[in-house]
Amino acid sequence: MLAAARIAAQRASLGHSAHSFRYSQRAFLATATTDSWKPGKSVHGYTVVESRHIKELELDAIRLKHDKTGAEHLHIARDDSNNVFGVGFATPPENSAGVPHILEHTTLCGSRSYPVRDPFFKMLNRSMATFMNAYTASDYTLYPFSTTNPVDYKNLRNVYMDAAFFPHLRELDFKQEGWRLEHENPSDKESPIVFKGIVYNEMKGQMADAGYLFYSKMQQHMFPGTTYAHNSGGDPANITDLTHAELVHFHKTHYHPSNARFYTYGNFPLEESLETINSKLQEFSPITPPSAEKIVKPFDSPRRVALTCPIDPMSSADKQTKMSVSFLTNKATDTFEGFGLRILSDLLTDGHASPMYKALIESNLGSEYSANTGYDSSTMVSSLAFGVQGMKTEDIAKVEDTITNVLKKVQQDGVDPKRIEAIVHQMELGQKHKTSFFGMSLMQGLSSGWFNGCNPVDLLELNKNIERLKTEIEAGPFFQNLISKYLLNNPHKLIFTMTPSPDYGAEVTANETTRLMGKTSVLTHADKEAIYEQGQALLKNQEKVEDVSCLPTLKVEDISKKAKTFSLEHSAVSSVPVQWRPTSTNGITYFRGISVIPGLTPEQKQYLPLFTDSLTSLGTEKREMSEIDDEIRLYTGGIRVSPFLSTSHSSIDRTEEGVSFSSYCLDRNQDHMYDLLGSLVRETNFDNVDKLRTLIQGNASALSNSVADSGHVFARTNAGSQLTPAGQASELYGGMSQVQFMNALSQKEDLSEVSQRLKEIAALAIKRSSLRLALTCGDDQMSRNEKVVEQFISRLDATPSDAVAQSIFAPTYENSFFELPYGINFTSKCLRGVPYTHEDGAKLQILASLMSNLYLHREIREKNGAYGGGAGYAPTGGLFSFYSYRDPSPQKTLTTYQDSVRWVLDRSDFTDQELAEAKLSIFQRMDAPVSAAEEGMVVFTEGITDEMRQTRREQLLKVTSADVKEMALRYLLDQQSSHCILGDKQK
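Residues numbered from 1 in each chain as written. Predicted model: local features only at pLDDT ≥ 70, side-chain atom pairs only at ≥ 80, totals over all residues. Heavy atoms only, no water.

### A look at the pattern of salt bridges
Here the idea is simple: oppositely charged side chains can pair when their charged atoms come close.
Okay, so step 1: Scanning the model with the defined rule gives 56 salt bridges in all.
Okay, so step 2: Glu400 serves as the salt-bridge partner of Arg304, at 2.8 Å between the closest nitrogen and oxygen. Here Glu400 lies in helix H14 (residues 396-413) and Arg304 lies in strand S12 (residues 303-309), a separation of 96 residues in the sequence.
Okay, so step 3: Judged by its relative accessible area of 59%, Arg304 falls in the exposed class.
Okay, so step 4: Overall, Glu400 belongs to the buried group, its relative accessible area being 12%.
Okay, so step 5: Glu362 is the salt-bridge partner of Lys691, the closest N and O atoms lying 2.6 Å from each other. Here the residue Lys691 occupies a position in helix H24 (residues 689-707), and Glu362 occupies one in the loop between helix H13 (355-361) and strand S14 (368-369), the gap between them amounting to 329 residues. (Salt bridge = Lys/Arg side-chain N within 4 Å of Asp/Glu carboxyl O. Helix = DSSP H or I, 4+ residues; strand = E, 2+ residues; numbered from the N terminus. Buried < 20%, exposed > 50% of the residue type's maximum accessible area, 1.4 Å probe, protein only.)

Printed below as a string of structure tokens:
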């Protein structure tokens, strides 16, 4: 996985018995504290460097160093059962051939103790991991996982460490995962020789993503002469220069304990982890890790770079230019300076009240911010950027001047103290609002700084930084000084633009053709024979039936027979049904509401996403949205409103549709939260056409940009759009139909009709008679919440909703194609299944897992070179679907879907181990930890009771080989289906 594709995430950096497990947990919590891990303490080949208690995050941070190799280790001791392990390496690239990324893939293709093909993917189904992945960032590579099971933790840690330090790195695996020359049909010598490879195709798709293309090219020009001027994921134009020998050498010099960082988190014993890791590292001797140039030579004066990009056929033709102004800022090691700049970035860009939003987005100079906007600490020297996309080319100078003028005005006038207070409140709330993947989020937020010389523990000291910030603000114009220093008087400034070119796609294709001809034109007869033999060897390797008994595995017996349940209470407040989940919430109240809207027309459904976004974007007749937005940030964790869609647990032809809205706040702010909710749902000003236009253009741009990264989701949604009422609604709410609809609205000059449609929906939505609520809070807050909820309900429309009988649904089957300029494709095939309570649903889930893991992964990813592919069954939606992601050969994949059904029916019975792995893969998702806010939400949103969930659990556990074969025959073989392809028309 390529971490750079997750730009926003990077920049948010932020078999034991139950009795024996509880015993080890108590022992750990009693000893793994800062008091017992004093600096200088030696344990299992490590020396403690530092230990610190971080009160605000309720954790102890312990830094250690491996005595023999110098490997660094950070342990976060916290009373959390979702334990995390990660090992990472500094992997700064020397060119854009993608060696860090291809190595990340290839290390997971077999190792010394686990000599099987692709142990990583096989372990996905032999584990109850709550997270498993590996990813490549701009200058490091990380291999993390998380699990709540101590045996599973040890199993995965052994596999991950063996893969990282002792991989096979076979040449065939390099050819499969990276790139190769191969006949289009590997078994036909007469078919043309083409480029193939999983990473090669992945990066062709990645470079077609407008946001990624802009960000990566900007970074190369922002940091010339450094490792950041190279694409660690690999540019397809350079990937085909990489050799197997270079890959092996890179591993030898970079994947070494002396160049490693280990991260552990949770309530499992630290001593055991240190002992195990130390035993693996003993055969290594210390080395001096390779150095890389990470410090850019500062510019003497601002620079301008203008490049081209592909045209988006779904967006307005005259508003596809992107631009940004970027400034070099502080070194990563200055953690407080980075803290201040991150807050400054939020003050300038975040929310309706921010000056950049008003000047750039609300003014309609651009439809949304550019992909690099904000503070970026993913490099050794950070940067801060402001920019827009969806703008006119002739407005480039105007946008640049606007950015400068905003900075000058804020530098002169200062920042509203209320907005600073709101940001500090969000930090306080964030400390108390713990998600179920807190440990993984911490690791991802710390990694860039850690690999660039920061003390990672310093990055955890939120309260210390807040207190210093208050002191600095009292002492002088803190933020104005940052603006002067880094933004107004900084010669290291890059003005970067990308304008669409009708020739861009043809130029990329011509470049690939030229590179291919350059390699094939010099091939001798012997070379061509070797390519053919290599293709045959790779096919043989992919088809080989392996003995995977060397891989550790959990067993079906490790799956709990009982579903986890939560104690719920139910009442009525002003005749509105309310579900209560009384539990420990760390002083937070979580609120969720669902308002059912019966009888929405297809046209109204297309408008519903815009309606829900309008509630938090347009403001009211009495108050501007900027003022309301400040209060939302000051008193809540945000207000979210979205279309609601649920399929009946007893019939896939019945749905419940409407609006879902939610928020959370510190208990002391309950009155404010409900008051804000009431204002937005009853008083939104749909006649504010200026804000409405801004919203429409932003939504249109965001939807169009999301297709390149999530094309398989759009393909699957479209393929299922005429098979069930929920499928039809999903397409209207968020499929290609919504993309096209929103882009059509963005072309409208007169929005009066749009405003009227939104008012019509408002008259139907959020009435008392169609409302149900859910609250999660402490026992001591239930009575207070009940009082303020009653006040909230009293503000809502009391007229009854009209009873509308749901029409009888008749499925239709269609094939759809959407031409996109990506040079890579996404496909899907969908068939009807059964409702949640039908006994066949569990069997279809197991069937989809078996088909994905044992057949489709091999055929679509390994053989065909797509980045991903498989099958899935939606237990609540009732659709069986196939999909492929960044697929070079979509027609071949559609044939593979059909062949997979015959494969199920023609093969011998599935083994007990194969069935066990399919069940483990399903239960790891079913039993993943949930946050307090999500407890009991399945029954609230879907109406699925604990008894139904328990029945489903028992049905899954008893599925047999005969059952899945029967499902393939009954639901998949020669059954009507729908297909969708997004991508290259020539393919």
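What follows picks up the thread again.
### Regarding the environment of Asp416
Okay, so step 1: Inspection of the secondary structure assignment puts Asp416 in the loop between H14 and helix H15 (417-432).
Okay, so step 2: Residue Asp416 is classed as partly exposed on the basis of its relative accessible area of 39%.
Okay, so step 3: Linking Asp416 and Thr717, residues 301 residues apart in sequence, is a C-alpha distance of 44 Å.
Okay, so step 4: For Asp416, the side chain forms a polar contact with the main-chain nitrogen of Lys418, separated by 3.0 Å. (Polar contact = N/O pair within 3.5 Å; in protein donor to acceptor, adjacent residues only side chain to side chain.)

### Re helix H18 (residues 478-488)
Okay, so step 1: Of all eleven residues making up H18, eight are buried, and the element is well covered by its neighbours.
Okay, so step 2: Looking at H18, one finds that the buried residues are Phe478, Phe479, Gln480, Leu482, Ile483, Ser484, Tyr486 and Leu487.
Okay, so step 3: Of the surrounding elements, those touching the buried residues of H18 are strand S13 (321-331), helix H12 (335-349), strand S16 (381-391), H14, H15 and helix H17 (462-475). (Contact = heavy atoms within 4.5 Å.)

### Quick look at the pairing of strand S26 (residues 868-873)
Okay, so step 1: Among the six residues of S26, six are classified as buried, and the element is accordingly described as predominantly covered.
Okay, so step 2: Side chains Gly868, Gly870 and Gly872 of S26 all project onto a buried face; the interleaved residues Gly869, Ala871 and Tyr873 project onto the opposite face, where all are buried too.
Okay, so step 3: Both S26 and strand S27 (residues 879-887) contribute to a ladder of six bridges, which runs antiparallel. Counterpart to Gly872 in the pairing with S27 is Ser881.
Okay, so step 4: Once S26 ends, the chain turns through five residues before running back antiparallel as S27, passing Gly878 with a positive phi of about 75°. (Pairing = 2+ DSSP bridges.)

### Examining the nonpolar core
Okay, so step 1: Of all hydrophobic cores here, the largest spans 78 residues; its most connected members are Leu64, Phe85, Phe165 and Phe262.
Okay, so step 2: With eight residues, the single largest contributor to this core is helix H5 (residues 150-165).
Okay, so step 3: Those residues in contact with Phe262 that sit more than four places away from it in its chain are Ala71, Glu72, His73, Leu74, Phe85, Gly86, Val87, Met161, Phe165, Ile277, Leu281 and Trp450. (Core = buried A, V, L, I, M, F, W, Y, C linked by side-chain atoms within 4.5 Å.)

### So, the packing of helix H23 (residues 670-683) against helix H29 (residues 782-794)
Okay, so step 1: Orientation of H23 relative to H29, taken along the N-to-C sense of each, is 20°, at an axis distance of 10 Å. The orientation of H23 relative to H29 falls into the category roughly parallel. Between H23 and H29 lies a crossing whose hand is right-handed. Contacts between H23 and H29 involve Gln670, Asp671, Tyr674, Leu677, Gly678 and Val681 from the former and Arg784, Asn785, Val788, Val789 and Phe792 from the latter.
Okay, so step 2: Residues of the contact of H23 with H29, tallied by class, amount to six nonpolar, three polar and two charged. (Axes fitted to C-alpha atoms, helices over the stretch in contact; angles between N-to-C directions. Parallel < 35°, antiparallel > 145°, perpendicular 65-115°, else oblique. Left-handed = near helix turned anticlockwise from the far one by under 90°. Nonpolar A, V, L, I, M, F, W, Y, C, P; charged D, E, K, R; others polar.)

### Examining the side chain of Glu859
Okay, so step 1: Its location among the elements puts Glu859 in helix H30 (residues 840-863).
Okay, so step 2: Glu859 sits in the buried class, given a relative accessible area of 13%.

### Some details on the sheet that holds strand S25 (residues 825-832)
Within a sheet, adjacent strands bond to each other through the backbone by hydrogen bonds, running parallel or antiparallel.
Okay, so step 1: Spatially, S24-S28-S25-S27-S26 is the arrangement adopted by the five strands of the open sheet, whose pairing is mixed. At either margin of the open sheet sits one strand with a lone partner, and together these are strand S24 (815-819) and S26. The average angle at which neighbouring strand axes cross in this sheet is 10°, direction not considered.
Okay, so step 2: Strand direction decides the pairing type here: S25 and S27, joined by seven bridges, are antiparallel. Residue pairing across strands places Cys830 opposite Ser881, the latter belonging to S27.
Okay, so step 3: This element, helix H25 (residues 711-719), spans S24, S25, S27 and strand S28 (978-983) of the sheet and lies at about 35° to S25.

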